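Spelled out from the first residue to the last, the chains are:
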Amino acid sequence: MDMTAHMDIMAVMKADLERALAKPLDQRRWAMVIDLRRCIGCHACTTGCMSENLTPPHMQYRPVREEETGRFPATGLRFLPRPCMQCDNPGCTRVCPVKATWKREDGLVTIDYRKCIGCRYCLVACPYGARSTDTGEYYTGEFHARTYEVENSGEYGKTFRRRSHWHSPVGNARKCHFCIHRVEKGELTRCTTTCLGGATFFGDLNDPKALVTKLIAKGNVFTYKEELGTRPMVFYLL
Amino acid sequence: MKFSRRTFLKTVGVASAGVTAAATMPERFLSWAEESAEAGVKLVPTFCELCFWNCGLIARVENGKVVKVEGNPLSLRGRGRLCGRGNAALGALYDPDRLKYPLINTGTRGAPVWKRASWDEALGVIAGRMEKIRKEHGPEALALFSHGTGGAFWKHLLKAYGSSNYTAPSFAQCRGPRDTGFLLTFGADVGSPEYYDFDNSRHIVLLGSHLGENAHNSQVQDVVQGLARGARLTVVDPRLSNIASKADDWLPIKPATDLALLLAWIRIVIVEELYDREYVGKYATGLEELGAAVAEYTPEWAEKETDIPAETIVRIARDLGKSAPHVCIGAGRYAVWYGDDTQRSRAIAILNALLGSWGREGGYYLPVSGGVPEYPGLPEYPHSEGVPRLDEAYPFASLQTTTSIRQASITGKPHPVKGWFVYGCNLMKTMPDREETIRALANLDLVVAIDVLPVDMIAHADVVLPECTYLERYDNLSVGKFKELEISLRQPAVEPLWESRPSWWMTRELGSRLGLQAYFPWKDGEEYLARRCEAGGVEFAELKKKGVIVRSGGASPYIVPGSEPTFDTPSGKIELFSKQLQEKGFDPVPKYTRHPQPPQGYFRLLFGRSPLHTFSRTTNNFLLADLQKENSLWINSRKGRELGLKDGDTVQLETSAGVTSPGTIRVKLTERLREDAVYLYHGFGVHAAGMTRAGNRGVGDDELIAKPTVDPIMGGTAMRTTFVKPVRRG
Amino acid sequence: MTLFGLLLPEKERLATTFREIVAGRGGVALYAAIAGMLLGGAGIAAIVFLGHGRTTNTSTLVPWGMQIATYVYFALVSGGCIFTNFLGTQFFRRTYEPLASRVIFLGLVNALAGFLSLASELGHVERLFWFILSPNPTSPMFWMSVWYTADIAILLVEYYNVRRHHHSKGLLYASFIIPLITYCSLGSLFGAVSSLPYYYSALLPVYFIFAGFLAGNALCAAVVALRAAKDGCRELLRPFIRMQKIALASVFVLAFCRTIIGLAGSGSGYEIFRETMVTDLVFGMVVSLVVPFLILTYRKSPGGVLLATAIVLVTQFIARLDLVVRGFRVPLFRVYDMPERIGYTPSVAELLVLLASAGTVLFLYLVAERSGLFEAPAKGE
Ligand SMILES: Nc1nc2c(c(=O)[nH]1)N[C@H]1C(S)=C(S)[C@@H](COP(=O)(O)OP(=O)(O)OC[C@H]3O[C@@H](n4cnc5c(=O)[nH]c(N)nc54)[C@H](O)[C@@H]3O)O[C@H]1N2
Ligand SMILES: Nc1nc2c(c(=O)[nH]1)N[C@H]1C(S)=C(S)[C@@H](COP(=O)(O)OP(=O)(O)OC[C@H]3O[C@@H](n4cnc5c(=O)[nH]c(N)nc54)[C@H](O)[C@@H]3O)O[C@H]1N2
Ligand code: SF4
Ligand code: SF4
Ligand code: SF4
Ligand code: SF4
Ligand code: SF4
Ligand SMILES: [Mo]
């Protein structure tokens, strides 16, 4: 096994992060690159994200879709992980009646859990199905009082305990937030650090030296549902 | 869409620029070690037990609860990453269905009536019956089935008690044939974790081995890394597995014919002199006999057997020859397929030997030697003289087979077996032929199950001991032999819930009730580990802090001038022709035998791993069940439509032997599978009361496998010989 | 402004009504309405106190369900009442006038009933104040809230005027235009949703106007038919039959256009259209539009009108539920091994919310009617 190669890439991206964090917010521009050739469909990113964000039942910020094409034996198969695209032209923020969700200067599409009225309009307006509603379910039902499920998810670097349905984020819209609570502490997103295929990259697109910038400079890049003009900040490599 | 992976991203090239001191890199990611400063937060490094890869993880504890697990960057088996299951640790720890108290069965085996017992009472009952068995039948009448880290303590107890009858489904129902085939050839098995040097390979061949779904962490990372560095990939699999979708060549082989393909490859390699002349000359014996024996296996013949075009077979053999010795024809892991599996594994070993890949970069690396010694100063284990071996019939079984013990329990021959300890095995789902198992259980005087969940097996136990989960206990060390030695520590992140207890405690308590105190001198699990580490020169305090210590072995992982490899075979060489086998009346060189193919109207039942589950051990995990709560029956779309089946239809399965699945399963029409087989994820079809999420979901292959043939060489049970047809329900 | 006697019934009559209700002389319909309100109230209480997770069947995959459908339905009925008022006043002045206050009253109570359902649906209804503190002008939902408020306000004023026989052309037009905008913006709210491209897409605002008119008018017609059945003044019915038939025809044309769009379409979402086309044709067009039209053509009796409007009111509700829910039946992003189609069945609590809204409308109307609110229009101030 080659620890070196693996750690190299992590170290490069960590260094990228440090450079980005040294700049003011409005000069950063977070982006994710997912190399579909390296994605092996292991779903580690899905459950890693669940673990990171203490998401409730039926809520995955980053499912992985399996796409089968062609006819046996000329069958094709690829895996398409789907975080929130952090669109530059997001449908979700436009429709929020109370401006509880908006595009930050650093490119993050954020939700203010304390402001969101839970109308779920953004859910149906996102063309990627990237948003979920927290209806206040617990995996362990009544038993939840004993478990970790009510603990602080730490999302957006704030304290959110799901003590009951009165407490945000219960009642709110939720989605992938590029692990901003980790990123701002200089840690890579959880889906990046747990990805078995080493297929997920993260960094600052405003930095020509950043790995993500170099990766999307090649020709084999696409964004999902490009035709909608949402201008995603998640890039896929073919 | 077919994705060419030749353009695979060579991130290494992009990334390496500007980064130095890569070897010390993991330390950069150890911020967690200092970060513990955060008020009220504790970070506890330990290792995962959601499968047996044992990846290092870090548990984050807040308010006395584990709130998150993350990979430990120091772990060679995880390298900071956890797989789809490993990340779902809390679904195991906080499962409300967990076994909470010791239970005593006051009903019958299979139809239990549970009585909640104190630990004292439960252990008392067990010790009493153990004494009785020893008196009446001798200590060898006690057997242990074990899988998992804590099993070491039970094995120790069993040996101290005087029995050598321990077994695991992970041998005769899993790796056994592979290990035996390689032992017979190289005098060494391929290890676990396997010594595949995938990340340096130029050409990787996988037969089965559905990596990506088989989520053995670092191995998956390695194979992707190898591809990114430009390795060719050939995947032989009747199904387009996850990894097959990345292959240069996917060979959708007719099931049960892999040996034909391998023999044809061996023949081409010999006939076209593609083999590593110098290597074979120096290290191997029996090339001539081998050449003669495989002469009949032409590519054209193999095409007829396997459905793989002769040209493809030839082309890939030549490719392999070109890339040799940096090729790795993987030996797989799950190998009990068709009953001649040792011979198939032998063929894989032989092909590797010819290409010179054992001990070579990109082939099979030579693992580090050494380990950590056992607890110092323990008395010798007692030995019973003149007790016949239970699996005499299988001369090359390197571990007792589960079925031999089962058989002896039924027949009392060659000697009676009267008590079973079942640690971390769900025998109802992991041994074939459930009826036989139930028959054996009926003959016993004592059945103890040590588990964390009320699984199918529990209902057949007399006493159930609730073990605490891996996040709540000290456990045995996990030592991984890679190019370096990896020593991992398991330590509790939180206190055990309810009255569950760790194995070191249970076995010590039983030991003292049986007068075996001398074997259990440790005060507690921590002291046990500390003394062992001390004896092995491992800094225990450091291990507690880091969770993992990696020790370099010094020697090169590859054959280099001046360090000649040794082969622990009778001849001291790689045995292409096996005298050992010949002497016991087996084919010294693998011979092809044709296996029956499914009768008209039936499909071969194939199965494998879901990336989100480990057998049935995670099907009740609430995080994983949320993503995948049942399995589905894969059928080739065209074939399925021919049968009038639609996606999502509910069917029952009926075997050609007349077994019907207790549950139903949903149809998934796919282009990813041949027409002569159906496929499902193993682990579902749980029918245990108390497993609220897993209960009655889907169908288990294990529910249908009856009377499997047995590999005569080592006793492995052929698990893919069942033919089924879907019958529509509802 | 006088509250009692003008906007509400006179105090004594109201008190008498309540005494009668307490004494058990309220009539079956009224008690049914009260039962509906109580049960519905219990449902809403359950949602509020137990949380959505345990009481409703909406989820990430079906974010909007019965409660939004109920809201849309009552809101559209409310709008339909206003349009009825406008058209009635404009074209059938003499026959319509005695019914005006009823129609506007219905418009008001339906708007309130709609809001009841909407409020019980929000994850954090207590934060509605953000609509004022942090408005988002790009959100159709924000505009919805503005226009909905304006709509209720203008209704109140118009109602006040009608009750005072104080007619103002300007106000009449305003009370036409504002609802028009309101229901257009409600339409755009749904039309803008990405997962409904195939549904009515750009036609949805227009569709909403006509569908609203159809349902609201049907309710008014039903109320009038009930009266006509009692006191036999059938000619009051005629304008309503006329309007109902116009509404049915317009919605039919739109449904037809939608079918054409659907047939020409391709891409995700359209597959659902194909799958449900037969039901749409049979149920969505023949049963819910053609049949009532034929009834109204051949049976102009109060009974015929009641039958036709009952069909319209029920099928329009089903159509609203279908509109809200069906667009999400093809999940855009499948989670691991998940079924292709997502099912949604409203929970008991969600059904109770519908009952609460319906009960409220019925209760308020019956109390107002019994207390003589619609009989003796007060003269002047
Ligand atoms: N996620 C996850 N990972 C796991 C486990 C788990 O439970 N879950 N378990 C672990 C354990 S203990 C083991 S042993 C391994 C098992 O994992 P592997 O060793 O990879 O198992 P295989 O049986 O080699 O691989 C299954 C594949 O073999 C194919 N196959 C079936 N029949 C044939 C045949 O006749 N010829 C060929 N060439 N292919 C065939 C199937 O289509 C399927 O794709 O996985 C390990 N990893
Ligand atoms: N039909 C069929 N049979 C098979 C296979 C197959 O694919 N199909 N696969 C084969 C293979 S590859 C293998 S390796 C074997 C595996 O077979 P087993 O060795 O039986 O392993 P599991 O099925 O993982 O059983 C795990 C049991 O351990 C319990 N457990 C989990 N964690 C703990 C713990 O911390 N402590 C204790 N005490 N118990 C724990 C779980 O609840 C479960 O009951 O099965 C083999 N049998
Ligand atoms: S993917 Fe969806 S939720 Fe994320 S920014 Fe884009 S529109 Fe918004
Ligand atoms: S659910 Fe919350 S974030 Fe989404 S639109 Fe409504 S208020 Fe805004
Ligand atoms: S960036 Fe963080 S929140 Fe987003 S998918 Fe990855 S792990 Fe989840
Ligand atoms: S963890 Fe990485 S390799 Fe695995 S599914 Fe997610 S993106 Fe793909
Ligand atoms: S491979 Fe996955 S389940 Fe197995 S030990 Fe590693 S993280 Fe745990
Ligand atoms: Mo295994």
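Cut-offs used in this document
- Residues numbered from 1 in each chain as written.
- Chains lettered and ligands numbered in written order.
- Predicted model: local features only at pLDDT ≥ 70, side-chain atom pairs only at ≥ 80, totals over all residues.
- Heavy atoms only, no water.
- Pairing = 2+ DSSP bridges.
- Helix = DSSP H or I, 4+ residues; strand = E, 2+ residues; numbered from the N terminus.
- Axes fitted to C-alpha atoms, helices over the stretch in contact; angles between N-to-C directions.
- Contact = heavy atoms within 4.5 Å.
- Near = heavy atom within 4 Å.
- Nonpolar A, V, L, I, M, F, W, Y, C, P; charged D, E, K, R; others polar.
- Disulfide = S-S within 2.5 Å.
- 1 Å grid on protein atoms, 1.4 Å probe; cavity = no way out; pocket = protein on both sides within 12 Å on 5 of 7 lines; lining within 4 Å.
- Points joined across faces, edges and corners; volume = space filled by probe spheres on them.
- Core = buried A, V, L, I, M, F, W, Y, C linked by side-chain atoms within 4.5 Å.
- Buried < 20%, exposed > 50% of the residue type's maximum accessible area, 1.4 Å probe, protein only.
- Parallel < 35°, antiparallel > 145°, perpendicular 65-115°, else oblique.
- Left-handed = near helix turned anticlockwise from the far one by under 90°.
- Domains from an automatic or database assignment.
- Buried area = accessible area lost by both parts, 1.4 Å probe.
- Salt bridge = Lys/Arg side-chain N within 4 Å of Asp/Glu carboxyl O.
- Polar contact = N/O pair within 3.5 Å; in protein donor to acceptor, adjacent residues only side chain to side chain.

Mind showing me how you'd approach the sheet that holds strand β12 (residues 327–329) of chain B here?
Note on sheets: strands pair through backbone hydrogen bonds, and any given pair is parallel or antiparallel. All names here are of chain B. Strand order across the open sheet formed by four strands is β10-β9-β8-β12, with parallel pairing between neighbours. The two strands at the open ends of the sheet, each matched to only one other strand, are β10 (249–251) and β12. Direction aside, neighbouring strands of the sheet carry axes that sit 10° apart on average. Packed on one face of the sheet, helix α13 (residues 310–323) meets β8 (203–207), β9 (232–236), β10 and β12 and runs near 135° to β8.

Quick question: what am I supposed to make of the site of ligand 7 here?
Taken together, Cys48, Leu50, Cys51, Trp53, Asn54, Cys55, Leu82, Cys83, Arg85, Gly86, Ala215 and Asn217 of chain B make up the full set of residues adjacent to ligand 7. In terms of residue class, the shell around ligand 7 is made up of eight nonpolar, three polar and one charged.

Please explain the state of the cysteines as it appears in this structure.
Linking two cysteines covalently through their sulfur atoms gives a disulfide. The tally for this structure, following the rule as stated, stands at zero disulfides over all chains. The structure places no disulfide on cysteine 220 of chain C, whose sulfur is separated from the nearest cysteine sulfur, that of cysteine 81 of chain C, by 3.7 Å.

Help me understand the layout of surface pockets in this model?
Over the atoms, a rolling probe the size of a water molecule traces out where space has been left empty. Residue and element names in this part refer to chain B. Looking at the largest pocket, its volume works out to about 1,600 Å³. As for the largest pocket, its lining consists of 46 residues, and the residues nearest its centre are Gly148, Ala152, Lys155, Arg175 and Asn476. Going through the elements one at a time, β6 (142–146), α6 (151–161), β7 (166–167), α7 (169–186), β16 (478–481) and α19 (525–536) are the ones with two or more residues in the lining of the largest pocket. If you tally residues by element for the lining of the largest pocket, the top one is α6, at six residues.

For this particular structure, what's the right way to read the site of ligand 3?
Taken together, 14 residues lie near ligand 3, and Cys84, Cys87, Cys92, Cys126 and Arg131 of chain A sit nearest. Of the residues contributing to the shell around ligand 3, the split by class is 10 nonpolar, two polar and two charged.

What am I meant to see in the nonpolar core here?
In a soluble, globular protein the nonpolar side chains are often hidden away together inside. Trp265, Ile266 and Leu354 of chain B together with Leu186 and Phe190 of chain C are the most contacted members of the largest nonpolar core, which totals 246 residues. The leading source of residues in this core is helix α10 (residues 204–231) of chain C, at 16 residues.

Just checking my understanding: could you explain the side chain of threonine 618 of chain B for this structure?
Along the chain, threonine 618 of chain B falls in the loop between β20 (603–608) and α22 (622–627). Here threonine 618 of chain B is in contact with Leu50, Leu612, His613 and Leu624 of chain B, once residues within four sequence places are set aside.

What is the right way to look at the packing of helix α6 (residues 100–121) of chain C against helix α15 (residues 348–370) of chain C in this model?
Packed helix pairs are characterised by how far apart their axes lie and by the angle those axes make with each other. Residue and element names in this part refer to chain C. Closest axis-to-axis distance for the α6/α15 pair is 9 Å, and the angle between their directions is 155°. One finds that α6 runs roughly antiparallel with respect to α15. Crossing of α6 against α15: the hand is right-handed. The segment α6 lies against α15, with Arg102, Phe105, Leu106, Val109, Asn110, Ala113, Leu116, Ser117 and Ser120 engaging Val353, Ala356, Ser357, Thr360, Val361, Leu364, Tyr365, Ala368 and Glu369.

Is there a simple way to think about the sheet that holds strand β1 (residues 30–35) of chain A in this case?
Residue and element names in this part refer to chain A. Spatially, β8-β1-β10-β9 is the arrangement adopted by the four strands of the open sheet, whose pairing is mixed. Unpaired on one side and paired on the other, β8 (200–204) and β9 (221–222) mark the two borders of the sheet. In this structure, β1 lies alongside strand β10 (residues 234–237), joined through four bridges in parallel fashion. Across the sheet, the residue bridging to methionine 32 is valine 234, located in β10.

Where do I start with the domain arrangement of chain B in this structure?
Quite often, the size of an interface is put as the accessible area lost when its parts meet. Residues and elements named next belong to chain B. By domain assignment, chain B separates into domain 1 (103–168 + 377–467 + 503–533), domain 2 (187–367 + 558–583) and domain 3 (603–728). Placing a centre on the C-alpha atoms of domain 2 and another on those of domain 3 gives a separation of 29 Å. Domain 2 puts 28 residues into the contact, and the matching count from domain 3 is 27 residues. Approximately 2,000 Å² of surface area, both sides summed, lies buried where domain 2 meets domain 3, with 55% of it carried by carbon and sulfur atoms. It is Arg239, Tyr334 and Tyr338 that lose the most area in domain 2 upon contact with domain 3, and together they represent 27% of the buried surface on that side. Where domain 2 touches domain 3, the interface holds one salt bridge. Linking arginine 674 and aspartate 307 is a salt bridge whose minimum nitrogen-to-oxygen distance equals 2.8 Å. Here domain 2 and domain 3 share 13 residue pairs in polar contact (both at pLDDT 80 or more) between them.

Would you take a moment to explain the interface of chain B and chain A for this structure?
Contact with chain B, which involves 83 residues of that partner, is made by 75 residues of chain A. Counting the surface lost from both chain B and chain A, the interface buries some 6,700 Å², and carbon and sulfur atoms represent 59% of this. Joining chain B to chain A, the criterion identifies five salt bridges. Across the salt bridge formed by glutamate 70 of chain B and arginine 182 of chain A, the nearest N and O atoms sit 3.0 Å from each other.

Teacher, can you tell me more about the packing of α10 of chain C against helix α14 (residues 302–326) of chain C here?
Residue and element names in this part refer to chain C. Between α10 and α14, the least distance of the axes is 8 Å, while the angle of their chain directions is 145°. As α10 runs across α14, the sense of the crossing is left-handed. Here the contact of α10 with α14 is built from residues that sort into 20 nonpolar, two polar and one charged.

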